[in-house]
Amino acid sequence: EFGATITYYIKKAPKSKKEESKEKEKELADENKPIYYPTWEELREEDREEKSFTLFVVKDEMGTVVRKLKEGIKSGINRITWDLRFASTNPVKKVTDKNESGTPVMPGKYSVEMYTSINGELKMVAGPQIFEAKVLDNSTLPAEDRAALVAFQKEFWEFN
């Protein structure tokens, strides 16, 4: 994929209440012990539990948030790629759009911070990690003033 690839390691993904109760049921069944049936309140709590996720916050040199990328938590080595674009300004989101993109960002230094949300609690786990976005010299008609081009594109997409 094109962009800045962020590689990270999760030692052990957290388990949801539903997964924990299924494990307990399996253990009790393996030991031939009676299985406890949860109350309606416990079932409702399992059903309403927020799924755990990782959140990556990309900021520019000024500390302004440029993009947020959300991903589920999986054990092991994981990767997520930021496509070096701002978030979309389109107010209508399609169900299939995971992280809809807007216009390309300016070349320069950026930082990324990693957060995890477990049981609704957002906690910073890594960062800020600094990296640099560069322009590839592969355009037929390169922009003379890239800052003006990016400003125009952002304004254009807000009215689109």
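In short, a report on the structure. As the structure is a computational prediction, the values presented were derived from the model and not from experiment. Per chain, residues are indexed from 1 in the order of the written sequence. Restriction of local features to residues with pLDDT of at least 70 applies here, the model being predicted, together with a cutoff of 80 or more for giving and counting side-chain atom pairs; totals for whole chains, interfaces and linings are based on all residues. To obtain the side-chain values, all non-hydrogen atoms of the structure were included, while hydrogens and water were left out.

**Considerations on the packing of aromatic side chains**
The rule is short: rings of Phe, Tyr and Trp, with Trp giving its six-membered ring, pair when the centres are within 6.5 Å, and they are stacked under 30 degrees, edge-to-face over 60, tilted in between. A complete count under the given rule lists four aromatic pairs for this structure. Aromatic side chains Tyr-8 and Phe-56 sit 5.0 Å apart centroid to centroid with 55 degrees between the ring planes, which places their arrangement in the tilted category. Placement of Tyr-8 in strand S1 (residues 4-10) and of Phe-56 in strand S2 (residues 53-60) is noted, with a sequence separation of 48 residues between them. Each residue is placed in one exposure class: buried if its accessible area under a 1.4 Å probe, protein chains only, is under 20% of its type's maximum, exposed if it is over 50%, and partly exposed if it falls in between. According to the relative accessible area criterion, Phe-56 is buried, its value standing at 1%. Put simply, DSSP H or I for four residues or longer makes a helix, DSSP E for two residues or longer makes a strand, and each gets a number counted from the N terminus.

**Some details on the environment of Glu-41**
Following the sequence through the fold, Glu-41 ends up in helix H2 (residues 40-48). Whenever two N or O atoms come within 3.5 Å, that pair is a polar contact, provided that in protein one can donate a hydrogen and the other can accept it, and provided that, for residues adjacent in sequence, both atoms are side-chain atoms. Among the polar contacts listed, one links the side chain of Glu-41 to the side chain of Arg-44, at a separation of 3.0 Å.

**Some thoughts on the environment of Lys-11**
Along the chain, Lys-11 turns up in the loop between S1 and helix H1 (17-30). Relative accessible area serves as the criterion here: at 71%, Lys-11 is assigned to the exposed category. Considered as a pair, Lys-11 and Gly-76 are 65 residues apart in the sequence and their alpha carbons are 6.0 Å apart.

**Quick word on the pattern of salt bridges**
Salt bridges are defined by distance alone: a side-chain nitrogen of Lys or Arg within 4 Å of a carboxyl oxygen of Asp or Glu. Tallying each qualifying case throughout the model produces six salt bridges. With a shortest N-O distance of 3.0 Å, Glu-41 and Arg-44 are connected by a salt bridge. You can see Glu-41 and its partner Arg-44 sitting in helix H2, three residues apart, about one turn around the helix. Arg-44 gets classed as partly exposed once you look at its relative accessible area, which sits at 36%. For Glu-113, the salt bridge goes to Lys-59, with nearest N and O atoms at 3.6 Å. Of this pair, Glu-113 sits in strand S7 (residues 108-118) while Lys-59 sits in strand S2; the two residues are 54 residues apart in sequence, bridging distant segments of the chain. Judged by relative accessible area, which is 21%, Lys-59 ranks as partly exposed.

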